[in-house]
Structures are given as C-alpha cells and as structure tokens.
Amino acid sequence: MKKIGIILFTSDLRLHDNTTLHQAIKENDLVIPLFCWDLEHMNQGQLGFPRHGTIRKGFLHKVLQDLHGQLKQIGGYLLVKKGNPIDVITEIIGEFSTHKVYTKKQVGIEEKRQNDSIKKILLTKGVDFEEYSTSTVFHPSDMPFSISSIPEVFTKFRKIVEKEVEVRELIPTPTKINCPVLPKKWIESIEEENVISDGKSHSLPEMGGETSALHHLNWYLFEKKAILHYKETRNQLLGLEFSSKLSPWLALGCLSPKFIYHEVKRFENAFLANDSTYWLIFELIWRDFFRFSFKKHPIEYYQLHGILGRSERKENRDFEIIESWIEGKTENNFVNAAMLELKSTGWMSNRMRQIVASYFIYDLDQDWRVGAAYFESQLIDYDVSSNWGNWAYIAGVGNDPRAGRKFNTDKQEEQYDRDKRYQNTWNIN
Ligand SMILES: Cc1cc2nc3c(=O)[nH]c(=O)nc-3n(C[C@H](O)[C@H](O)[C@H](O)COP(=O)(O)OP(=O)(O)OC[C@H]3O[C@@H](n4cnc5c(N)ncnc54)[C@H](O)[C@@H]3O)c2cc1C
C-alpha cells in the first residue's frame with residue numbers, strides 16, 4: 001500500500017527552503033498539497049473588521065494560483081478546498097488512507113489552537129501530525145534561551161543571537177512531487193471570492209506569488225543593487241526601491257527569511273558589504289524578535305496593557321473618529337494620505353505606519369487594538385507578530401524600553417514630505 005501524506009499549507013506558500021514540504025515528499029509515496037480557503041474565519045469580525053479584507057484575499061488568491069503553477073511544474077497540484085482545515089482534512093482522510101499531516105508551526109494563539117485541535121482529532125484516527133518551523137531567520141531549536149528567558153528588549157536579543165546562533169543552510173527545493181488523482185467533486189473554484197484591488201500602488205512591485213517574490217528579490221539585490229542604499233532610504237515614502245518591499249511575500253511565506261539572509265550574504269561576497277546590506281538583515285532580526293516574543297507572550301500582545309500588564313492606555317472607541325482615520329478624513333492630511341494609500345493598496349511604508357499609529361493612539365486617543373485590527377484586515381503583509389508587536393510598541397505596552405512612541409506629525413512631515421509629494425499622490429481631492 002502506498003504511503004500518503006497531506007501537506008497543509010498556511011503561510012508557507014513556497015517550494016524553496018520549505019522543510020514541511022521537503023519532509024512530506026521524503027517520507028511518502030504520494031503527497032496531497034492542500035490549502036483550506038476558510039471564508040468563515042477570513043470574514044470573522046474582529047473589533048469591527050473582517051480578518052481578511054478584500055485586498056488581502058485578492059493577494060492570497062494570486063499567491064495560491066502561483067503555488068499551484070509551481071507544484072504543477074514538478075508534477076503535482078495545489079488542492080484548494082473551501083472550509084475549515086479540520087472538516088477538510090477529515091474529508092480527505094476519509095477518502096485517502098493517510099499516514100501523516102505536515103504543516104507549519106504557528107505563532108498566533110488562534111492558529112496554534114487550531115493546530116492543536118487538528119492534532120487531537122488526527123490522533124483519534126491514527127494519523128500522525130507534525131509541525132515545522134519555517135518562518136524565521138534563526139531556527140527556534142538553535143536559540144540559546146528558553147521561551148521564558150527570551151529578552152524583552154530587541155538590542156539584547158539581537159546581540160545574543162548574532163553572536164551565538166548560526167543561520168542554517170537552505171532546504172533543497174523539490175524537483176518532483178507525486179500526488180494522487182483526486183475525486184472530480186473536489187476541484188472547486190474560488191474565483192467568486194477573488195476581488196482584487198484596483199488601487200495603483202506607487203511603491204509596490206508587481207505582486208504575485210513565489211515566482212514574482214524570487215524575481216523581485218533578485219531585481220532588488222543583484223540588478224538594481226538597491227540594497228546598497230537601504231539604510232539611507234528606508235524611511236522614504238514613495239517609490240519602488242527605497243525599501244525592499246519583501247514584507248507581503250514574507251507574510252505569506254512566498255519567501256523564506258533564511259533564503260533572503262543567504263542571498264544578502266551572496267550579494268555581499270560578490271559585490272560589497274556595507275551598513276545598508278547589514279541593515280536589511282538587522283530588520284529581519286526585528287521580525288524574528290517579534291515572533292519569538294510572541295511565543296513568550298502569546299495572549300498579552302492582544303490586551304490593552306500589553307506585555308506590561310499596566311499602562312495609561314484607555315479602551316476609548318469613538319466610531320466617528322475611528323471612521324475618519326480609516327477613510328483618510330482626519331484634520332491631518334499627512335495621516336490621511338497614508339490611510340488612503342492603505343485603503344487603496346493594502347500597504348504603506350514603515351515610517352507612515354509609525355506616524356498613523358501614533359496619531360491614532362495619542363492624537364485621536366483611541367484604543368490601539370482597534371487600529372491594529374484594522375491593519376490586520378487591510379495589510380497585504382499582515383503578520384500577526386509584526387503587526388501586534390509594532391502596535392503594542394508604539395502604544396508603549398510592548399517591547400519598548402522608552403515606554404511608547406508619540407510622533408510629532410508636523411516634524412515628520414517637514415522631514416519626510418516637505419514638498420508634499422506624498423500627500424499630493426494620495427490626497428486626490
Ligand atoms: C504599526 C505597525 C504595524 C506593522 N505591521 C506589520 C505587519 O503586519 N507585517 C509586517 O511584515 N510588518 C509590519 N510592520 C513592520 C514594517 O512596517 C514592515 O515590515 C515594512 O514596512 C515592510 O516594508 P519592506 O518589506 O519594504 O520593509 P524593509 O524596510 O525593506 O525591511 C525588510 C524586512 O524586514 C522586516 N521588518 C522591517 N521593519 C520591521 C519592523 N518594524 N518590525 C518587524 N519586521 C520588520 C520585514 O519583514 C521587512 O519586509 C508594522 C510596523 C508598524 C509601525
């Protein structure tokens with residue numbers, strides 16, 4: 001009898017450097033690559049917003065199409081089934097005698113709970129379940145601290161990992177996958193959900209899945225060599241090259257952060273290592289830091305007083321004020337421009353994220369979690385730990401030794417948009 005495994009894809013939508021996929025192929029004769037299009041979860045309201053707004057859904061849809069194409073090239077397919085993973089997997093193992101389900105280890109509390117539930121149900125059916133860490137530069141098993149002793153402050157974390165942890169080698173990209181023939185009734189279409197933004201971005205490259213991610217990384221590093229000025233330009237607001245724009249692909253796992261790390265090292269060996277080439281890795285370590293901090297504080301990041309447990313933050317929620325921020329109709333046109341960019345494209349620069357978050361928390365005096373939930377709904381690069389971690393940081397309830405970051409919007413405007421080019425781009429009226 002042939003050994004069959006299921007790989008449950010979530011936010012690891014790639015072939016390269018993907019341990020989960022590698023293991024599934026290695027240990028089985030046949031593999032079913034699966035993604036569950038769980039509309040109920042995606043549309044579930046959270047502080048007034050669906051988890052996945054239409055732009056996020058549209059981007060995910062494109063990424064899945066690309067993954068299907070990539071798997072097809074090596075002899076397989078991606079099965080996309082509507083429904084929640086527990087129901088879908090139960091149906092599949094009813095049809096195919098499955099040996100094991102492989103999936104990515106999650107960091108968000110709900111996603112973790114979901115994996116636990118799947119595991120429990122599978123155990124009763126005699127099916128193994130294994131999770132793999134695939135989304136950090138540094139592998140969790142190589143960390144020199146236990147979860148409870150993960151440093152609360154970034155600099156301490158960075159210095160330890162840079163000194164003591166070696167980044168692992170890449171996992172080989174599979175060249176062949178054998179998948180079983182599926183029942184016809186399973187071939188579903190998710191076309192009707194595919195509502196893609198028509199907002200023209202002035203900063204994002206062409207967004208697709210792993211194929212365009214790898215292409216863009218190569219363009220950014222080796223063709224444009226834009227990484228050489230990353231540190232000087234990363235706070236700009238407009239244009240394709242001022243920062244890497246890798247975040248949407250990192251969020252859905254179309255790019256492995258470890259792969260980016262090795263590509264930067266390859267660039268440094270071939271051309272030049274400078275402060276800027278280091279700084280891109282420095283920022284990826286920030287990303288790792290938030291992910292590891294989430295392991296330590298899985299619930300606190302969603303709470304008003306964050307990981308500190310006490311703060312001056314209030315639960316204020318004035319829906320007219322919140323609406324004016326979302327719609328780009330506050331008294332501040334600099335903030336408005338960024339909110340219109342977000343609404344129209346699902347993305348905004350790091351500098352503008354800091355400014356609009358600070359404005360929401362300190363000028364409009366609203367509950368920071370509502371702002372974070374809106375970002376979750378809207379951002380195509382939404383990432384649970386980077387989003388909630390950064391919001392908590394600015395609200396002064398996260399990993400910030402300075403206890404909060406209030407930005408002076410006038411000063412920021414003077415520094416980053418003196419000629420109002422950014423505002424004129426987005427404040428259309
Ligand atoms: C309020 C707020 C919410 C945010 N929400 C998210 C989110 O949901 N998803 C997300 O990926 N980033 C988030 N960020 C971090 C940061 O704004 C984006 O990662 C960055 O703007 C993405 O653009 P880039 O890929 O061109 O970044 P680059 O400047 O080119 O950085 C390279 C990569 O480093 C990582 N990185 C950079 N800055 C940060 C940071 N401050 N925290 C964590 N990782 C970082 C990202 O993975 C990024 O792709 C948030 C920041 C703030 C202030």
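Before reading on, note that the structure itself is shown above.
Reading the values: the criteria
Residues numbered from 1 in each chain as written. Predicted model: local features only at pLDDT ≥ 70, side-chain atom pairs only at ≥ 80, totals over all residues. Heavy atoms only, no water. Helix = DSSP H or I, 4+ residues; strand = E, 2+ residues; numbered from the N terminus. Rg over C-alpha atoms; globule rule 2.2 N^0.38 Å. Buried < 20%, exposed > 50% of the residue type's maximum accessible area, 1.4 Å probe, protein only. Contact = heavy atoms within 4.5 Å. Axes fitted to C-alpha atoms, helices over the stretch in contact; angles between N-to-C directions. Left-handed = near helix turned anticlockwise from the far one by under 90°. Nonpolar A, V, L, I, M, F, W, Y, C, P; charged D, E, K, R; others polar. Pairing = 2+ DSSP bridges. Phe/Tyr/Trp six-rings, centres within 6.5 Å; stacked < 30°, edge-to-face > 60°. Near = heavy atom within 4 Å. Polar contact = N/O pair within 3.5 Å; in protein donor to acceptor, adjacent residues only side chain to side chain. Areas by Shrake-Rupley, 256 points an atom, 1.4 Å probe, with all protein chains shown as cover. 1 Å grid on protein atoms, 1.4 Å probe; cavity = no way out; pocket = protein on both sides within 12 Å on 5 of 7 lines; lining within 4 Å. Sits in = over half its atoms within 2 Å of the grid points. Domains from an automatic or database assignment.

Trainee: Explanation requested: the overall build of the chain in the structure shown.
Mentor: The helix and strand tally for the chain stands at 18 helices and 7 strands. Its C-alpha radius of gyration of 22 Å places the chain within 12% of the 22 Å reference for a compact globule of 429 residues. In terms of overall dimensions, the chain has C-alpha extents of about 70 × 50 × 45 Å along its principal axes. Counting the 429 residues in the chain, one finds 58% classified as buried. Here the analysis covers contacts within the chain between residues at least 6 apart in sequence; of these, 78% occur between residues at least 24 apart.

Trainee: How should I be thinking about the packing of helix α14 (residues 350–363) against helix α15 (residues 368–378) in this particular structure?
Mentor: When two helices pack together, their arrangement is given by the angle between the helix axes and the distance between those axes. Closest axis-to-axis distance for the α14/α15 pair is 9 Å, and the angle between their directions is 140°. As α14 runs across α15, the sense of the crossing is right-handed. Note on element contacts: α15 touches α14 through W368, V370, G371 and F375, opposite R353, V356, F360 and I361. Here the residues of the contact of α14 with α15 sort into 6 nonpolar, 1 polar and 1 charged.

Trainee: So what exactly am I meant to see when it comes to the sheet that holds strand β2 (residues 30–37) here?
Mentor: Hydrogen bonds between backbone groups are what pair the strands of a sheet, and the pairing can be parallel or antiparallel. Overall, parallel pairing links the 5 strands, which are arranged β5-β2-β1-β6-β7 in an open sheet. Of all the strands in the sheet, the pair left with one neighbour each is β5 (79–82) and β7 (128–132). The sheet shows a mean angle of 30° between the axes of neighbouring strands, taken without regard to direction. Pairing between strand β1 (residues 4–9) and strand β6 (residues 100–104): 4 bridges, direction parallel. Looking at β6, one finds that I6 is bridged to V101. Docked against the sheet, helix α3 (residues 54–73) engages β1 and β2, running at close to 170° with respect to β2.

Trainee: Would you mind going over the packing of aromatic side chains with me for this structure?
Mentor: Where two aromatic rings form a pair, the distance of their centres and the angle of their planes describe that pair. Scanning the model with the defined rule gives 31 aromatic pairs in all. Note on F242 and W347: the rings are 6.5 Å apart at their centroids and 50° apart in plane angle, and the pair reads as tilted. Taken together, the residues F242 in the loop between α8 (230–233) and α9 (247–251) and W347 in the loop between α13 (333–345) and α14 connect sequence positions 105 residues apart. Residue classification places F242 among the buried positions, given a relative accessible area of 3%. Between the aromatic rings of F294 and Y302, the centroid separation amounts to 5.9 Å while the plane-to-plane angle is 90°, which identifies the pairing as edge-to-face.

Trainee: Explain the site of the ligand here, please?
Mentor: Not every one of the 27 residues close to the ligand is listed here, only the nearest: Y230, S243, S244, K245 and N350. Side-chain polar atom of N350 to an oxygen atom of the ligand: 2.7 Å apart, as the coordinates give it. Here N390 contributes a side-chain N or O atom positioned 3.0 Å from a nitrogen atom of the ligand. Look at the ligand: alone it shows 810 Å² of surface, and the protein chains cover 97% of it. With respect to the detected pockets, the ligand is housed in the largest pocket. Elements with a contribution of two residues or more to the shell around the ligand: α9, α11 (275–296), α14 and α16 (384–394). Residue classes in the shell around the ligand are distributed as 13 nonpolar, 8 polar and 6 charged. Looking at which domains feed residues into the shell around the ligand, each of domain 2 (136–167 + 210–296) and domain 3 (303–426) gives three or more.

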